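The residues making up each chain are set out below.
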Amino acid sequence: MMENKIEDDDVVVVSESKKQQQILNCMISSWFPHFKHVSLKTEIIPLPSAFIDFLNEDGIYMPRSAFPTYDTLSDGDGDDGGWDNESSDEEESNKTASFPELEEKINNIISHFGGSVFPKMNWSSPKDAAWMSVGGNLQCQTPHDIFLLLKSSDFITHDLSLLTKQEYVLALRKWYDVHPSMEFRCFVRHGVLVAISQRDYTNYYEFLAQMKDDIESKIFNFFSVNISGQFPDQDYTFDVYLSRQRRVWLLDFNPFDTSTEPLLFDWDEIFMMTDNNNGDNNNGDNNNGDN
């Protein structure tokens, strides 16, 4: 009985260790250097520990230097008599942060990418906080835009809870106007591409039905040429975008795990596909996916 218990515990430890490594492999700082030639233009900045502390603190406040400069009323202008100055000064004295070097790097990258970027950290983008931005999306033109999204996002908070000793990074990706109908999530099991789902699964795009075969063919070819056998895991998901020129661009990797949103599928359905596939081949005839 004792020996069986030890063996069971060993299985659990190995499983958790493998899952941990899969998570690490899906960090943008891990995979982007190898796949940058087929992915979006991206610059990655290691983040100082003080900035991580800033993101982890309660409340939403911005470093003063991150704010754009505007013409404002002086204390003597208006008729409020400066009634809120005292409380504002007290709050600022309690909540201060300054990251001039980080802001300079961000400004340089924004300029290099033509004036607009969208941010993500090790794994996640702050898309749940997009409503905080002026345009209601992740397009950022200043460090303040980026800091506000990161500070407001539960997805980023989750990233910060995964690996306390891992180096955190900020990835700034060149902003492109992409159509959500052409973003797809691909599921790979035992090195075989077994399913494809549109990412914007809450909307129906009638024209996708007419393009189904062409989309599948381009994604399978992209996978075969650029990804198959080159990602360190055998089980994973990856997201792609098909441009107007029908070129496939790699967006991201995620673990082949129930923590990853299966979109048009459910995970039981995907596991059933992989059992039926048996990892024998990866040609289009065996695609059980949907788009």
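Criteria and thresholds
Sequence order as written defines the numbering, with residues in each chain counted from 1. In view of the model being predicted, local features appear only for residues whose pLDDT reaches at least 70, and side-chain atom pairs are presented and counted only at 80 or more, with totals across whole chains, interfaces and linings using the full set of residues. To obtain the side-chain values, all non-hydrogen atoms of the structure were included, while hydrogens and water were left out. Secondary structure follows DSSP: runs of H or I at least 4 residues long count as helices, runs of E at least 2 residues long count as strands, and numbering of each begins at the N terminus. Note on exposure labels: buried denotes an accessible area under 20% of the residue type's maximum, exposed denotes more than 50%, and partly exposed covers the range between, all computed with a 1.4 Å probe on protein chains only. The contact criterion used is simple: two residues touch if any of their non-hydrogen atoms lie within 4.5 Å. Here pLDDT means the predictor's own confidence in every residue, given as a number from 0 to 100. Here, the term nonpolar core denotes a set of buried Ala, Val, Leu, Ile, Met, Phe, Trp, Tyr and Cys residues that are joined through side-chain atoms within 4.5 Å. The pocket and cavity definitions rest on a 1 Å grid over protein atoms only: a 1.4 Å probe that fits but cannot leave marks a cavity, an open set with protein on both sides within 12 Å along at least five of seven lines marks a pocket, and residues lining either have an atom within 4 Å of a point. Grid points are joined across faces, edges and corners, and a volume is the space filled by probe spheres set on the points. In this count, Pro and Cys sit with the nonpolar residues alongside Ala, Val, Leu, Ile, Met, Phe, Trp and Tyr, while Asp, Glu, Lys and Arg are called charged and the others, Gly among them, polar. Any two strands are treated as partners once DSSP identifies two or more bridges connecting them. The axes used here are C-alpha line fits, helices contributing only the stretch in contact, and every angle between their N-to-C directions lies in the interval 0 to 180 degrees.

## Some remarks on the overall build of the protein
Inference 1: Along its length, the protein carries nine helices and seven strands.
Inference 2: Across the 291 residues in the protein, those meeting the buried criterion constitute 44%.
Inference 3: Pairs at least 24 residues apart make up 74% of the contacts formed inside the protein by residues separated by at least 6 positions.

## Observations regarding the confidence of the model for the protein
Inference 1: When pLDDT is averaged across the protein, the result is 82; 75% of the residues are at 70 or more.
Inference 2: Confidence over residues 1-14 falls short of pLDDT 50; this stretch has zero contacts with residues more than four positions distant or in other chains.
Inference 3: Taken as a whole, residues 69-93 scores under 50 in pLDDT and shows two contacts with residues more than four places along the chain or in a different chain.

## Points about the nonpolar core
Inference 1: Judged by nonpolar contacts, the single largest core of 66 residues is most densely connected at Ile-146, Phe-238 and Phe-253.
Inference 2: The contact partners of Ile-146, leaving out residues within four places of it in the chain, are Ile-106, Ile-110, Val-117, Pro-119, Cys-140, Leu-170 and Leu-172.
Inference 3: Formed by nine residues, the second largest nonpolar core is a distinct cluster that contains Ala-195, Phe-265, Ile-270 and Met-273.

## Considerations on the layout of surface pockets
Inference 1: The volume enclosed by the largest pocket comes to roughly 1,400 Å³.
Inference 2: For the largest pocket, the lining is made up of 41 residues, of which Ser-125, Lys-127, Arg-185, Arg-199 and Asp-239 are closest to its centre.
Inference 3: Mapped by element, the contributors of at least two residues to the lining of the largest pocket are α1 (2-25), β2 (117-120), α7 (154-162), β4 (183-189), β6 (236-242) and β7 (248-255).
Inference 4: The leading source of residues in the lining of the largest pocket is α7, at five residues.
Inference 5: Of the residues that constitute the lining of the largest pocket, the class distribution is 18 nonpolar, nine polar and 14 charged.

## Observations concerning the environment of Lys-36
Inference 1: Along the polypeptide, Lys-36 turns up in the loop between α2 (28-35) and β1 (42-46).
Inference 2: Separated by 213 residues in sequence, Lys-36 and Trp-249 place their C-alpha atoms 9.9 Å apart.

## A look at unusual backbone geometry
Inference 1: Positive phi, normally seen in glycine, also occurs at His-190, with a value near 55°.
Inference 2: You can see His-190 is positioned in the loop between β4 and β5 (192-198).

## Focus on the pairing of β7
Inference 1: The element β7 is extensively covered by neighbouring structure, given that seven of its eight residues are classed as buried.
Inference 2: Bridging between β6 and β7 involves seven bridges; their strand directions are antiparallel. Pairing of Val-240 across the sheet is with Leu-250, part of β7.

## Section: empty space enclosed by the protein
Inference 1: One pass over the full model with this rule turns up one cavity of 30 Å³ or more.
Inference 2: Considered as a void within the structure, the largest cavity measures approximately 40 Å³ in volume.
Inference 3: Forming the boundary of the largest cavity are Gly-191, Ile-227, Ser-228, Gly-229, Gln-230, Phe-231, Asp-233, Gln-234 and Tyr-236.
Inference 4: Of the residues belonging to the lining of the largest cavity, the class tally is three nonpolar, five polar and one charged.

## Considering the sheet that holds β7
Inference 1: Pairing is antiparallel across the open sheet formed by four strands, whose spatial order is β5-β4-β6-β7. Only two strands of the sheet have a single partner each, and these edge strands are β5 and β7. Averaged over all pairs of adjacent strands, the angle between strand axes in this sheet comes to 25°, irrespective of strand direction.
Inference 2: Bridge analysis of β4 against β6 gives six bridges, and the strand direction is antiparallel. What sits directly across from Phe-187, in β6, is Thr-237.
Inference 3: Along the sheet face, helix α8 (residues 207-227) touches β4, β5, β6 and β7 and points at about 120° away from the line of β6.

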